[in-house]
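Structural characterization, general
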Amino acid sequence: MVVGLLSLPTELICHILLHLTPRDLSRCATTCKTIGDVAQNSVDIQYQLELYAQGFTEPHTLDCRDVSRKMCSLKKLTSLWRSDFHLNTVCEEIAPVVNGHLTQSVKCGTWWIWGQDDLLIRDFKTTTKLSHTSPRLDWSSQYQNWWLMSVVIDPLQDLVVAVSLPRSTHVTDTVRYVFSVDFRLASSQLPHPDSACAFLECDESGAADSKVVHLVGMPAICGDRVVVLYYLAMFGSHEASNMSIQVIDWRKGHVTRHPLGERGGVQATFHLVDEQTIVVGSEDRMVLYTLQGFDGSPQRRITYLLPNLKTGHDSWVPIQSSTSSYNVVYATPSFRGAAARADLLPSYVPFLESQIMVLEILPTSWPVIIVIDMVIFSEKVIISETPVEIPWSDWGPKYTWCFPHHPSHRISVFGSKMAYALPRDHIPEPGQRVEALSHRNDFYVHIWDFNKRFIARSKNMRDPDSPDLVIRKPGRLAQSCFDEDMISDNPYIATVCPEPFSTRFFDKFFLEQDRLTLTWLPDSAVHIRVVSPVQMEAGSDPGRH
């Protein structure tokens, strides 16, 4: 006798449904009334559906609380940035730094800054007023023949990756060493014991010794894999070679170089999506590669063409910008890998299909930002072994949001949210170009959420436990650097903190799941302030939008 699914006991139907992926579970729950009722009355299924709607996965380290408590915790967490908020200070301190070119970042509550061979790390994960300070390292004394150029940290793996260029050209026969890579413990700065070779020299056969090595962005870490992109160019020349990628297994001490088909230069940028996927950007396109096999051989999959720039809109280095790049990518860091510090993992991890990537485009005039739905970089879009090229008209209107921009407006991304530093305490009108940040005035923290799934659900279902959402659309860009009309019709949720922050010495901020880290750089010091959102009471500031 054949027994249909709907004739099974409710408990068994529920058990079967819980074996589905969140995406399939969400679709299955709408197929018929019986399954819909089972899903509606099961707190376990509702929790999985809520995770899917919010764009999160549950890390293995999450404690074994009952589902009702986890649901309450999830809703509280995801509502933090979705209505206007105040910011409470979690911790604050001032630390001495060496003047000069300084680079900083944040991941999992760990902040670091480096410049002129000096690295400083702070752990702000705890809620105490004082941060944990890792040993400070003067890198200049370590390797006399190398010049430290880039440092990135993965606190989850207690890992520091440092890339150095040779102080003089180092050529052996036909091999040129283009840079070296160090793998150290973030907690002690000692060589990392899990790396088979804590110091690697990366070479390129046949590279001319008269050309200068230029790194593209920062090294990227995802699990055991580290990737470094670079190109070669004559000193002072704008003519750049095609990019190359060095794919490194930092635990095994294995490194392989591969050529890429994309031209280097100030327009070049990239984002490592996961251990097998990388997006490489240039002036007019973004190319999705998969890294194949043990050595990470790149295979071109999909080329997404960007709108054409107007004639004469060449690259520039704006004085008020915090970057010298023509295109800049902002995205969520990876949380993959064997976690030496599992306690640093966020409560919930955003999955790829819910994340955004922000592309900052800085031409000579009318700069813009393009917010990109990263579902276009997931494995689901790779349906052919043959590379394909997709024009902007076929993907841009559906998967992006375009906004006018100024380089002084700081940007940070986590999951589906973008933090934006603007000089006004209200949400800009569609297509409105906002003035630059001034050192004499203040700025305000805006949080924009681009989670399409949550926005669609909020339109169809009123949740009495959730605050009213301000949903906007970017609208038409009256003035942009592109030679075609730019209209964005995709909705997003807009919120703003009414409390001003000083722009004097303001450098950067970094958005995380439940906090924001802001930094100012007065002379010979860095002022760090970590804040967390607290929702405003209803009616506390009516009509401000």
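The rules we used
Residues numbered from 1 in each chain as written. Predicted model: local features only at pLDDT ≥ 70, side-chain atom pairs only at ≥ 80, totals over all residues. Heavy atoms only, no water. Helix = DSSP H or I, 4+ residues; strand = E, 2+ residues; numbered from the N terminus. Pairing = 2+ DSSP bridges. Axes fitted to C-alpha atoms, helices over the stretch in contact; angles between N-to-C directions. Buried < 20%, exposed > 50% of the residue type's maximum accessible area, 1.4 Å probe, protein only. Salt bridge = Lys/Arg side-chain N within 4 Å of Asp/Glu carboxyl O. Core = buried A, V, L, I, M, F, W, Y, C linked by side-chain atoms within 4.5 Å. Phe/Tyr/Trp six-rings, centres within 6.5 Å; stacked < 30°, edge-to-face > 60°. Lys NZ or Arg CZ within 6 Å of the ring centre and 35° of its normal. Patch = residues over 30% accessible without salt bridge, like charges linked within 9 Å, V, L, I, M, F, W, Y side chains within 5 Å. Areas by Shrake-Rupley, 256 points an atom, 1.4 Å probe, with all protein chains shown as cover. Expected span 1.5 Å × (residues − 1). Contact = heavy atoms within 4.5 Å. pLDDT = per-residue confidence, 0-100. Parallel < 35°, antiparallel > 145°, perpendicular 65-115°, else oblique. Left-handed = near helix turned anticlockwise from the far one by under 90°. Nonpolar A, V, L, I, M, F, W, Y, C, P; charged D, E, K, R; others polar. Arc of directions from axis to C-beta.

Digging into unusual backbone geometry
- Residues other than glycine seldom take positive phi values, yet Asp158 does so here, at roughly 50°.
- With respect to the helices and strands, the residue Asp158 is situated in the loop between strand 8 (146-154) and strand 9 (159-166).
- Positive phi, normally seen in glycine, also occurs at Gln189, with a value near 70°.

Looking at the sheet that holds strand 13 (residues 211-222)
- Judged by pairing direction, the sheet is antiparallel, and its four strands sit side by side in the order 13-14-15-16 without closing on themselves. In the strand order of this sheet, the two ends are held by strand 13 and strand 16 (254-263), each with one partner. Sheet twist, expressed as the mean angle between neighbouring strand axes with direction ignored, is 25°.
- Alignment of strand 13 against strand 14 (residues 225-234), held across nine bridges, turns out to be antiparallel.

Digging into the pairing of strand 4 (residues 110-115)
- The buried fraction of strand 4 amounts to six of the six residues, a majority that puts the element mostly inside the structure.
- Covered by surrounding structure in strand 4 are Thr110, Trp112 and Trp114 together with Trp111, Ile113 and Gly115, the residues of both alternating faces.
- Two strands pair when backbone bridges link them, and strand 3 (residues 103-107) and strand 4 are joined in this way by five bridges, in the antiparallel orientation. Bridge pairing in strand 4 links Gln104 to Ile113.
- The turn linking strand 3 back onto strand 4 is made up of two residues, and Cys108 within it adopts a positive phi angle of 55°.

Some thoughts on the pattern of salt bridges
- A complete count under the given rule lists 21 salt bridges for this structure.
- Across the pair Arg257 and Glu204 runs a salt bridge whose closest N-O atoms are separated by 3.3 Å. Of this pair, Arg257 sits in strand 16 while Glu204 is found in strand 12 (residues 199-205), placing the two residues 53 residues apart along the sequence.
- Exposure remark for Arg257: the relative accessible area of 31% places this residue in the partly exposed category.

A closer look at the nonpolar core
- Grouped together as the largest cluster of nonpolar side chains are 34 residues, with contacts concentrated most on Trp81, Leu87, Phe443, Val445, Phe509, Leu516 and Leu518.
- Of all elements in the fold, only helix 4 (43-54), helix 5 (67-78), strand 2 (85-96), strand 28 (417-422), strand 29 (442-449), strand 35 (506-511) and strand 36 (516-520) reach the threshold of two or more residues within this core.
- Element by element, the count of residues in this core is highest for helix 5, at four residues.

Quick word on the packing of aromatic side chains
- In this structure the tally under the stated criterion is 21 aromatic pairs.
- Here Trp81 and Phe85 contribute two aromatic rings whose centre-to-centre distance is 5.3 Å and whose plane-to-plane angle is 85°, an arrangement assigned as edge-to-face.
- What makes Phe85 buried here is its relative accessible area of 0%.
- Between Phe403 and Tyr492, the aromatic rings sit 5.2 Å apart at their centres with planes inclined by 90°, giving edge-to-face as the arrangement. With Phe403 in strand 26 (residues 400-404) and Tyr492 in strand 33 (residues 492-496), the pair connects residues that are 89 residues apart, well separated along the chain. Tyr492 shares its class with Phe403; the two are buried.
- Site record: aromatic cluster; members linked through ring pairs are Trp401, Phe403, Tyr420, Trp448, Phe450 and Tyr492.
- Across from the ring centre of Tyr52, 3.9 Å away, lies the NZ or CZ of Arg453, which sits over that ring.

Examining a nonpolar patch on the surface
- Residues Leu5, Leu6, Leu12 and Ile16 make up a contiguous nonpolar surface patch of roughly 310 Å² in combined accessible area.
- Of note, Leu12 is situated in helix 1 (residues 10-17).

Some words on the sheet that holds strand 25 (residues 388-390)
- Across the sheet, five strands lie side by side as 17-18-19-20-25; this open sheet has mixed pairing. The outermost strands of the open sheet, each flanked by one partner alone, are strand 17 (269-274) and strand 25. When strand polarity is set aside, the average angle formed by the axes of neighbouring strands in this sheet is 25°.
- Where strand 18 (residues 277-281) lies against strand 19 (residues 285-292), five bridges are found, and the strand directions are antiparallel. Bridge pairing in strand 19 links Gly281 to Met286.

Some points on helix 4
- With twelve residues, helix 4 should reach 16 Å at 1.5 Å per residue; the first-to-last C-alpha distance of 16 Å fits that figure.
- Along helix 4, the residues classified as buried are Ile45, Tyr47, Leu49, Glu50, Leu51, Tyr52, Ala53 and Gln54.
- Positioned one or two residues after helix 4, Gly55 has a phi angle of 85°, which is positive.

Quick look at the side chain of Ser180
- Note that Ser180 resides in strand 11 (residues 175-185).
- Given the relative accessible area of 0%, Ser180 is considered buried.
- Residue contacts for Ser180: discarding those within four places in its chain leaves Trp146, Ala162, Val163, Ser164, Phe199, Leu200 and Glu201.

Quick look at the confidence of the model for the chain
- For the chain, per-residue confidence averages 84 on the pLDDT scale, and residues scoring 70 or more make up 86% of the total.
- Segment residues 127-132 is flagged for pLDDT under 50; beyond a separation of four residues in sequence, or across chains, it makes 14 contacts in the model.

A short note on the packing of helix 4 against helix 5
- In contact at an axis separation of 10 Å, helix 4 and helix 5 are set at 20° when each is read in the N-to-C sense. Judged by the angle between their axes, helix 4 and helix 5 are roughly parallel. In the crossing of helix 4 with helix 5, the sense of the turn from one axis to the other is left-handed. In this structure, helix 4 contributes Val43, Asp44, Gln46, Tyr47, Glu50, Leu51 and Gln54 to the contact, and helix 5 contributes Val67, Ser68, Lys70, Met71, Leu74, Lys75 and Thr78.
- Taken together, the residues that form the contact of helix 4 with helix 5 break down as six nonpolar, four polar and four charged.

Details of helix 6 (residues 392-399)
- Restricting attention to buried positions, one finds in helix 6 the residues Trp392, Trp395 and Gly396. For helix 6, the angular spread of the buried residues around the axis is 100°, confining them to a single face. Of the residues in helix 6, the exposed ones pointing more than 90 degrees away from the buried face are Ser393, Asp394 and Lys398.
- Packed against the buried residues of helix 6 are strand 19, strand 20 (297-305), strand 24 (368-373), strand 25 and strand 26.

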